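The residues making up each chain are set out below.
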Amino acid sequence: MKLKHLISIDDLKKDEIIYLLELAEEFLPVAEGKKIRKDLEGNLLANLFFEPSTRTRMSFEVAMKRLGGNVVNMTAQEASSIAKGETLADTIKVVSKYVDVIVLRHPLEGAARFAAEHSDVPVINAGDGAGQHPTQTLLDLYTIKKESKLDRLKIALVGDLKYSRTVHSLIKALALFKSEIFLVSPQSLNLPEEILEEIERKTKIEKAELEDIIDYVDVLYVTRIQKERFPDEEEYLKVAGSYKIDLNILKKAKSSTIIMHPLPRVDEIDISVDKTHYAKYFQQAFYGVPVRMAILYELLRR
Ligand code: CP
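Cut-off values and rules
Residues numbered from 1 in each chain as written. Predicted model: local features only at pLDDT ≥ 70, side-chain atom pairs only at ≥ 80, totals over all residues. Heavy atoms only, no water. 1 Å grid on protein atoms, 1.4 Å probe; cavity = no way out; pocket = protein on both sides within 12 Å on 5 of 7 lines; lining within 4 Å. Points joined across faces, edges and corners; volume = space filled by probe spheres on them. Helix = DSSP H or I, 4+ residues; strand = E, 2+ residues; numbered from the N terminus. Nonpolar A, V, L, I, M, F, W, Y, C, P; charged D, E, K, R; others polar. Pairing = 2+ DSSP bridges. Axes fitted to C-alpha atoms, helices over the stretch in contact; angles between N-to-C directions. Contact = heavy atoms within 4.5 Å. Left-handed = near helix turned anticlockwise from the far one by under 90°. Phe/Tyr/Trp six-rings, centres within 6.5 Å; stacked < 30°, edge-to-face > 60°. Buried < 20%, exposed > 50% of the residue type's maximum accessible area, 1.4 Å probe, protein only. Lys NZ or Arg CZ within 6 Å of the ring centre and 35° of its normal. Core = buried A, V, L, I, M, F, W, Y, C linked by side-chain atoms within 4.5 Å. Domains from an automatic or database assignment. Salt bridge = Lys/Arg side-chain N within 4 Å of Asp/Glu carboxyl O.

Colleague: Please explain the layout of surface pockets as it appears in this structure.
Modeller: Empty space left among the atoms is revealed by rolling a probe the size of a water molecule over them. Approximately 420 Å³ is the volume attributed to the largest pocket. Every residue lining the largest pocket is counted, 21 residues in all, and those nearest its centre are Arg105, Arg165, Arg224, Leu263 and Pro264. Looking at the lining of the largest pocket, the elements with two or more residues in it are helix H2 (55–66) and helix H6 (165–176). A class-by-class count of the residues in the lining of the largest pocket yields 4 nonpolar, 10 polar and 7 charged. Of the pockets and cavities examined, the second largest pocket occupies roughly 220 Å³. Along the wall of the second largest pocket there are 14 residues; nearest its centre are Leu48, Met74, Thr91, Val95 and Tyr98. Contributions of two or more residues to the lining of the second largest pocket are made by strand E1 (44–49), strand E2 (70–74) and helix H3 (88–98).

Here's what the structure looks like:
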């Protein structure tokens, strides 16, 4: 596998995704603290986050450190020379001379691709605006493989399909695996037309009402309404709270159905669901560690 950067899930072929998921399985006991490995000793990772993050930033740090590597963080723009007007290109040129790999989250779609063009070291896209979040997609696929099944998967993508980069990433991978996809969203949060057309050419996909498919799907993938991406607050308020997964809705679900969410959650999954066997979202967040170990190992082992 010749991976220089990981910017979009389109950078990976299906067999490369499968390979990374298998590698993640090998790293699982290390992520759980049951086994010690030092494969990345002597390597240094820079976390450059221009947007908030809990899971992605911390799980990259944990993955790197549990494999013997080290991490430097730049989380607050105010504390860096970006505040003095330094460009992203210059920041990347400098940081890529300090470290062996850069993890970048940025509010602008395309920022990670742009950063890769200016970097001496691998760049990993940790989310670029409403664009892509490929490492989230890999951990989502790993969760589906572990907790459900990837073959002939029937999955409902629920919520903000317009702005959710986790959906825009995941749906491309689901098309590779020929999943049957149902889109459940308020009209104004529909999946962008160009993504829908691309996926329609590759697999079965249709818009649906949750009540009509809840007893059919294997996975409910729920997303938060991405308030920060709305052009104005009024538009957000029109759809805020317009869908919620609760125990009542789940009465019709198959017992094998799982609920996933990239997190953070606001109010789209009632907390009473957390204690049910359907809820896999906290386990999903943990799987970010072995999956990110696999990605770092693959990018750094040269
Ligand atoms: N899922 C995800 O990207 O979470 P964070 O925003 O906390 O990194």
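Colleague: I'm lost on unusual backbone geometry in this one. Help?
Modeller: A negative phi holds for most residues other than glycine; trans holds for most peptide bonds. Residue Pro264 is reached from Leu263 by a cis peptide bond, and omega for that bond is 10°. For Pro264, the location among the structural elements is in the loop between strand E9 (258–260) and helix H11 (281–300). Although it is not a glycine, Lys178 sits at a positive phi angle of roughly 55°. Looking at the element boundaries, Lys178 is found in the loop between H6 and strand E6 (180–184). The backbone of Leu263 shows a phi angle near 65°, a positive value even though the residue is not glycine. Position of Leu263 among the secondary structure elements: in the loop between E9 and H11.

Colleague: What is the right way to read the sheet that holds strand E5 (residues 154–158) from this model?
Modeller: What links the strands of a sheet is backbone hydrogen bonding, and the strands pair in either a parallel or an antiparallel sense. What the 5 strands build is an open sheet, ordered E7-E6-E5-E8-E9; its pairing is parallel. Every interior strand has two partners, whereas the edge strands, strand E7 (205–207) and E9, have only one. Averaged over all adjacent pairs, the angle separating strand axes in this sheet is 20°, with direction ignored. Bridge count between E6 and E7: 3 bridges; the pairing is parallel. If you follow Phe182 over to E7, its bridge partner there is Glu206. Across the sheet, helix H5 (residues 134–147) lies against E5, strand E8 (219–222) and E9, angled at about 165° from E9, the strand it touches most.

Colleague: What is the right way to look at the packing of helix H1 (residues 14–31) against H11 in this model?
Modeller: To describe two helices that pack against each other, one gives the angle between their axes and the distance between the axes. One can describe the packing of H1 onto H11 by two numbers: an axis separation of 7 Å at closest approach and a directional angle of 115°. Remark: the crossing between H1 and H11 carries right-handed chirality. Between H1 and H11, the residues in contact are Tyr19, Leu20, Leu23, Ala24, Phe27, Leu28, Val30 and Ala31 and Phe286, Tyr287, Val289, Pro290, Val291, Met293, Ala294, Ile295, Tyr297 and Glu298, respectively. Counted by class, the contact of H1 with H11 contains 17 nonpolar, no polar and 1 charged residues.

Colleague: Help me understand the packing of aromatic side chains in this model?
Modeller: Pairs of aromatic rings are described using the distance from one ring centre to the other and the angle between the two planes. In this structure the tally under the stated criterion is 7 aromatic pairs. Aromatic side chains Phe230 and Tyr236 sit 5.7 Å apart centroid to centroid with 80° between the ring planes, which places their arrangement in the edge-to-face category. By relative accessible area, which is 15% here, Tyr236 ends up buried. Pairing Tyr281 with Phe282 gives two aromatic rings, centres 5.2 Å apart and planes at 65°, and the pair type is edge-to-face. Residue Phe282 is classed as partly exposed on the basis of its relative accessible area of 49%. Its end group placed over the ring of Tyr216, Lys154 keeps NZ or CZ at 5.0 Å from the ring centre.

Colleague: For this particular structure, what's the right way to read the nonpolar core?
Modeller: It is characteristic of soluble globular proteins that their nonpolar side chains tend to be buried jointly. Counting 63 residues, the largest nonpolar core has Leu157 and Leu296 as the members making the most contacts within it. Ranked by residue count, the leading element in this core is H11, at 10 residues. Residue-level mapping places this core at the junction of two domains, with at least three residues from each of domain 1 (9–132 + 288–300) and domain 2 (134–285). Contacts of Leu157, omitting those with residues within four sequence positions, involve Val167, Leu170, Ile171, Leu174, Ile181, Phe182, Leu183, Val184 and Tyr221. Of all hydrophobic cores here, the second largest spans 28 residues; its members include Val158, Ile214, Phe230 and Ala253.

Colleague: Sorry, what's going on with the pattern of salt bridges here?
Modeller: Oppositely charged side chains are able to pair whenever their charged atoms sit close together. Inspection of the entire model under this criterion finds 23 salt bridges. The salt bridge involving Arg165 is made with Glu51; its shortest N-O contact spans 3.1 Å. Of this pair, Arg165 sits in helix H6 while Glu51 sits in the loop between E1 and H2, and the two are 114 residues apart along the sequence. A residue is classified by how much of its surface remains accessible, and Glu51, at 13% relative accessible area, is buried.

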